[in-house]
Amino acid sequence: MKDALRHRLDRLAIRLPELDAALADPAVAADINRFRELSREHAEVSGLLDLYRRYRQREQDAAAAREMLDGAESDAGMLAMAKDEIAEAETDLAALDQELQLALLPKDPDDARPAFLEIRAGTGGDESALFAADLARMYTRYAERQGWRTEILSSSESDLGGYKEVVLRMEGGEGAYGRLKFESGGHRVQRVPATEAQGRIHTSACTVAVLPEPDEAQEIQINPADLRIDTYRASGAGGQHINKTDSAVRVTHIPTGIVAECQDDRSQHRNKAKALAVLAARIRDKERAEREAKEAATRRSLVGTGDRSDRIRTYNFPQGRLTDHRINLTLYKLAMVMEGDLDDVVAALAAAQAADQLAELEAGLG
């Protein structure tokens, strides 16, 4: 283990009693946001120190085995036992060192949040809209596999049953945003469209944007005077009632021009609340993108430059192939992926990000 990493862990050992004292302070307990923040830090520090204790114990085990090795030159049995113990301890130490480094990687506080998933048809006309519907179905099936709750907040259907645009909300125990955040970008499809009479392969594209739902305690404050709220009659499925009332709501943030709408619920009040939540997420995402662009203008992240038109993935139906261009991942299981089997893709993207962060951490540790 590098000295710099050991020093960081030693400092955390000093931090833990400070956290214990803070959490026992009645003033902290009375501030729910502060208490929640410190509790989260306490859990992370405790977990890291548990790993560090296991690491130091294995270091002691290895040192004891080496002493045994030095003192057992004439005892073949003791020599073999000592060598086996040293080998096992060194294997454990390497694994624990890697685990500690991964645990020290910076965490995105939004990973545990629910996600808004926006899919928009791009180039390709009707075929692009049909592909947008296929993507919505793929993500919905993935959410079902994860045990998440999914709802459609707004949608604009095409003539052939696809989506010009659809906005989904996904919520799960492990955090939908953390699992889906790498899906933002341009998704390209190569296949023979249902509208193609000559059997020719066409290329179409959709854009996907994944936004974390803001924490109510940290949600940005929006001046009501900066909002224009319009109501209109919802379209699509819903029977006679939904078409007789102005239950759909469109909210425009005048300073930025950002718009959000919801028509999923029969209640205008609930539709307004959902539209405001989406609007807040979009404003927050815009602010974060601008901040990150200023802080890291020269660095390209795993999810691209932030330009939603970046091509991140190709779905080639004739070859049954999915290719993620950011990490050069190719899978020949496209039919399974379109049924929601995204685990291999999500895991590979998360592993690539972790490897990138580890390289930065090791460089920083010198």
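Residues numbered from 1 in each chain as written. Predicted model: local features only at pLDDT ≥ 70, side-chain atom pairs only at ≥ 80, totals over all residues. Heavy atoms only, no water.

A. Region of the structure containing the packing of aromatic side chains. Enumeration over the complete set of coordinates arrives at two aromatic pairs. When the ring of F131 is compared with that of Y315, the centres are 5.3 Å apart and the planes differ by 70 degrees; the resulting orientation is edge-to-face. A residue pair is termed long-range when its members are at least 10 positions apart, and F131 in helix α5 (residues 125–146) and Y315 in strand β9 (residues 311–316) qualify at 184 residues. An identical accessibility class is assigned to F131 and Y315; each is buried. Taking 5.6 Å as the distance between ring centres and 90 degrees as the angle between the ring planes, the aromatic pair formed by Y142 and W148 counts as edge-to-face. W148 carries the same exposure label as Y142, and that label is buried. Its guanidinium or amino end placed over the ring of Y52, R56 lies 4.5 Å from that ring's centre, counting from NZ or CZ. Sitting over the ring of F317, R191 keeps its end group 4.9 Å from the ring centre. (Phe/Tyr/Trp six-rings, centres within 6.5 Å; stacked < 30°, edge-to-face > 60°. Helix = DSSP H or I, 4+ residues; strand = E, 2+ residues; numbered from the N terminus. Buried < 20%, exposed > 50% of the residue type's maximum accessible area, 1.4 Å probe, protein only. Lys NZ or Arg CZ within 6 Å of the ring centre and 35° of its normal.)

B. Representation of the nonpolar core. One finds I119, L135, Y139 and Y315 to be the most contacted residues of the largest nonpolar core, which totals 36 residues. When residues of this core are traced back to their parent elements, those giving at least two are β1 (115–121), α5, β3 (163–171), α6 (176–180), β5 (202–212), β11 (329–331), α9 (334–338) and α10 (343–365). The element contributing the most residues to this core is α5, with nine residues. Ignoring any residue separated from it by four or fewer positions in sequence, one finds I119 in contact with A132, L135, A136, Y139, K164, E165, V166, T207 and V208. Among the nonpolar cores identified, the runner-up in size contains 21 residues, and L5, L38, L104 and L361 belong to it. (Core = buried A, V, L, I, M, F, W, Y, C linked by side-chain atoms within 4.5 Å. Contact = heavy atoms within 4.5 Å.)

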